[in-house]
Amino acid sequence: GRFAALFTLPHTWGIVALGSVTYAAFISLRGLWLGPLLIERHGLSLVESGHVALAVSLVSLCGPLLFGRLDPGAGTRRRWIMACTLAVAALFVAFAFAERTWVDVGGALLVGLLSGYIILQYADVRAAYPAALTGRAMAVFTMAMFLGVAAMQWLTGWIATWAAARGIDPFLAVMGGIAALLVGGMVAFRILPAPPGGSARA
């Protein structure tokens with residue numbers, strides 16, 4: 001139907017590939033892995049880990065306001081999106097290997113703040129389609145984000161189980177896996193066809 005027509009446009013695929021991992025990485029951390037990470041790895045109490053999760057949630061509310069003000073415009077927006085994705089991936093690599101409480105707490109707060117760059121992805125979607133398709137494109141992008149959340153939560157659970165069965169630190173495997181998914185999404189965004197016109201250039 002009309003939504004399927006979006007997928008005949010080559011630049012839809014890169015947008016969807018990245019959209020399916022960016023929000024998912026933040027939600028998987030905050031909603032699924034932050035508590036176990038802080039409690040099992042660092043011995044924080046349930047209440048202490050709850051305080052960190054609350055702080056991450058509050059900081060994440062500031063991110064869209066920050067990036068809304070910092071939006072560089074169509075000319076370099078895609079470059080910013082890729083740089084922010086790599087920065088978040090680097091934080092997940094730090095979670096995987098650092099095993100320091102301050103790294104995991106401070107890094108989670110940074111991920112919360114940086115998650116606001118998703119607003120730049122919405123701006124990129126708006127710029128990538130003609131007005132008649134914008135509403136449908138936004139719906140497809142949003143659907144990709146939420147399907148990505150479900151898929152990443154399932155996949156990281158599987159990764160943790162697989163790692164534990166082989167004597168590998170599940171947190172190392174999960175955080176490394178999320179970092180790899182972010183890099184993969186960013187690479188797809190970069191190498192798949194970009195939207196035509198000025199909004200496309202990264």
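Refer to the preceding data block for the structure.
Read on for an overview of the structure. Note that this is a predicted model, so its numbers are computed, not measured.

### Some words on the layout of surface pockets
Item 1. Here the largest pocket is characterised by a volume of approximately 200 Å³.
Item 2. Residue lining of the largest pocket: 13 residues in total, with Tyr 23, Phe 26, Ser 60, Pro 64 and Ser 115 positioned closest to the centre.
Item 3. Ranked by residue count, the leading element in the lining of the largest pocket is helix α2 (residues 11-42), at four residues.
Item 4. Its residues assigned to classes, the lining of the largest pocket shows nine nonpolar, three polar and one charged.

### Structural notes on a nonpolar patch on the surface
Item 1. Nonpolar side chains collect at one region of the surface, where Trp 13, Leu 86, Val 183, Val 187, Ile 191 and Leu 192 lie side by side and expose about 520 Å² of accessible area between them.
Item 2. With three residues, helix α8 (residues 170-191) is the single largest residue contributor to the nonpolar patch.
Item 3. On the secondary structure map, Ile 191 appears in helix α8.
Item 4. On the basis of relative accessibility, which here comes to 65%, the residue Ile 191 falls in the exposed class.

### Some points on the pattern of salt bridges
Item 1. For the coordinates displayed, the defined rule picks out four salt bridges.
Item 2. Between Arg 41 and Asp 169 there is a salt bridge; the shortest N-O distance is 3.6 Å. Highlighted residues: Arg 41 in helix α2 and Asp 169 in the loop between α7 (131-165) and α8, separated in sequence by 128 residues.
Item 3. The partner of Asp 71 in a salt bridge is Arg 77, and the shortest N-O contact between them spans 3.0 Å.

Conventions and cut-offs
- Residues numbered from 1 in each chain as written.
- Predicted model: local features only at pLDDT ≥ 70, side-chain atom pairs only at ≥ 80, totals over all residues.
- Heavy atoms only, no water.
- 1 Å grid on protein atoms, 1.4 Å probe; cavity = no way out; pocket = protein on both sides within 12 Å on 5 of 7 lines; lining within 4 Å.
- Points joined across faces, edges and corners; volume = space filled by probe spheres on them.
- Helix = DSSP H or I, 4+ residues; strand = E, 2+ residues; numbered from the N terminus.
- Nonpolar A, V, L, I, M, F, W, Y, C, P; charged D, E, K, R; others polar.
- Patch = residues over 30% accessible without salt bridge, like charges linked within 9 Å, V, L, I, M, F, W, Y side chains within 5 Å.
- Areas by Shrake-Rupley, 256 points an atom, 1.4 Å probe, with all protein chains shown as cover.
- Salt bridge = Lys/Arg side-chain N within 4 Å of Asp/Glu carboxyl O.
- Buried < 20%, exposed > 50% of the residue type's maximum accessible area, 1.4 Å probe, protein only.

Functional significance is not addressed by these values, which are geometric in nature.
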